[in-house]
Amino acid sequence: MTARARLARKKLLKRYPYKHYIISDVLLETAGTVDLDAEIKFKMGAIDFSIDIDKTQFTALLGLYKALFVIAEKYKSIQTELDVLDKTQATIHHMFSLRQLSEQAILNLPDIINQTSKQVEDYYLQRKNEIRQYDFEPIFKKYIG
């Protein structure tokens, strides 16, 4: 075997954690009558992927397509939840911001405002962490097995 042949067989495996590389733009291009392959295209973050699969493996490819599509939709849902959570937090923080009140007004406010603000902040951080820790394993199990 020549050095060139050995190099040609080398494969590079690179991992892209789902948390850091959002999946989007999932497309499936089916094989035509002349083509012997099908193609799945998608993005992870800003990186474009295009994978050719022999059309005899189309059923497995369809499972991968469904899983990636559902994950892409879930990412949209997660982003919407985070956006709503951030806007809610900003609104509540603005409502209870003591920096905008005069010293006399602050002295007259009950302690409950500070307690409420702390509780809202704690819940905000807890919920944000829960949203970001979403596990895609059930989606893969459902569509790929």
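Parameters at a glance
Residues numbered from 1 in each chain as written. Predicted model: local features only at pLDDT ≥ 70, side-chain atom pairs only at ≥ 80, totals over all residues. Heavy atoms only, no water. Helix = DSSP H or I, 4+ residues; strand = E, 2+ residues; numbered from the N terminus. Buried < 20%, exposed > 50% of the residue type's maximum accessible area, 1.4 Å probe, protein only. Contact = heavy atoms within 4.5 Å. Areas by Shrake-Rupley, 256 points an atom, 1.4 Å probe, with all protein chains shown as cover. pLDDT = per-residue confidence, 0-100. Phe/Tyr/Trp six-rings, centres within 6.5 Å; stacked < 30°, edge-to-face > 60°. Core = buried A, V, L, I, M, F, W, Y, C linked by side-chain atoms within 4.5 Å. Salt bridge = Lys/Arg side-chain N within 4 Å of Asp/Glu carboxyl O. Pairing = 2+ DSSP bridges. Axes fitted to C-alpha atoms, helices over the stretch in contact; angles between N-to-C directions.

## Notes on the overall build of the protein chain
Argument step 1. Check the secondary structure of the protein chain and you find five helices and three strands.
Argument step 2. The buried share among the 145 residues of the protein chain stands at 19%.
Argument step 3. Of the contacts formed within the protein chain by residues at least 6 apart in sequence, a portion of 51% connects residues at least 24 apart.
Argument step 4. For the protein chain, the computed accessible surface area is about 11,100 Å², with 56% contributed by carbon and sulfur atoms.

## With respect to unusual backbone geometry
Argument step 1. Phi at D25 takes a positive value of approximately 50°, unusual for a residue other than glycine.
Argument step 2. Residue position: D25 is located in strand 1 (residues 23-29).

## As for the confidence of the model for the protein chain
Argument step 1. When pLDDT is averaged across the protein chain, the result is 81; 81% of the residues are at 70 or more.
Argument step 2. Mean pLDDT across the elements of the protein chain bottoms out in helix 1 (residues 3-8) (55) and peaks in strand 1 (92).

## Some points on the packing of aromatic side chains
Argument step 1. Applying the stated criterion across every chain, the model contains five aromatic pairs.
Argument step 2. Their ring planes at 10° and their centres at 5.2 Å tell us that F42 and F49 sit as a pair that is stacked.
Argument step 3. Overall, F42 belongs to the buried group, its relative accessible area being 9%.
Argument step 4. Taking relative accessible area as the criterion, F49 reaches 21% and is therefore assigned partly exposed.

## Regarding the nonpolar core
Argument step 1. Core analysis: the biggest nonpolar cluster contains 21 residues, and I23, V26, F42, L68, I71 and F136 have the highest contact counts within it.
Argument step 2. Counting residues per element, the ones that place at least two in this core are strand 1, strand 2 (37-44), helix 2 (58-95), helix 4 (112-132) and helix 5 (137-143).
Argument step 3. Apart from residues no more than four positions distant in its own chain, I23 is found in contact with Y18, K43, M44, L68, I71, A72 and Y75.

## Some points on the pattern of salt bridges
Argument step 1. A full pass over the atoms with the stated rule returns seven salt bridges.
Argument step 2. In this structure, E73 and K76 form a salt bridge, with 3.2 Å as the shortest nitrogen-oxygen distance. Within this pair, E73 and its partner K76 are both found in helix 2, separated by three residues, close to a single helical turn.
Argument step 3. The salt bridge involving D122 is made with K118; its shortest N-O contact spans 2.8 Å. Of this pair, D122 and K118 both sit in helix 4, four residues apart, which is roughly one turn of that helix.
Argument step 4. A single salt-bridge network, built from bridges that share partners, covers E81, R127 and E130.

## Considerations on the sheet that holds strand 3 (residues 47-54)
Argument step 1. As summarised here, the arrangement of the three strands in space is 1-2-3, forming an open sheet in which the pairing is antiparallel. Looking at the sheet topology across the chains shown, the edges are occupied by strand 1 and strand 3. With strand direction ignored, the average angle separating the axes of adjacent strands in the sheet is 15°.
Argument step 2. Of the pairings in the sheet, the one linking strand 1 to strand 2 comprises five bridges and is antiparallel in character. Looking across to strand 2, one finds that L27 is bridged to K41.
Argument step 3. Helix 2 contacts strand 1, strand 2 and strand 3 of the sheet and is inclined by roughly 150° relative to strand 1.

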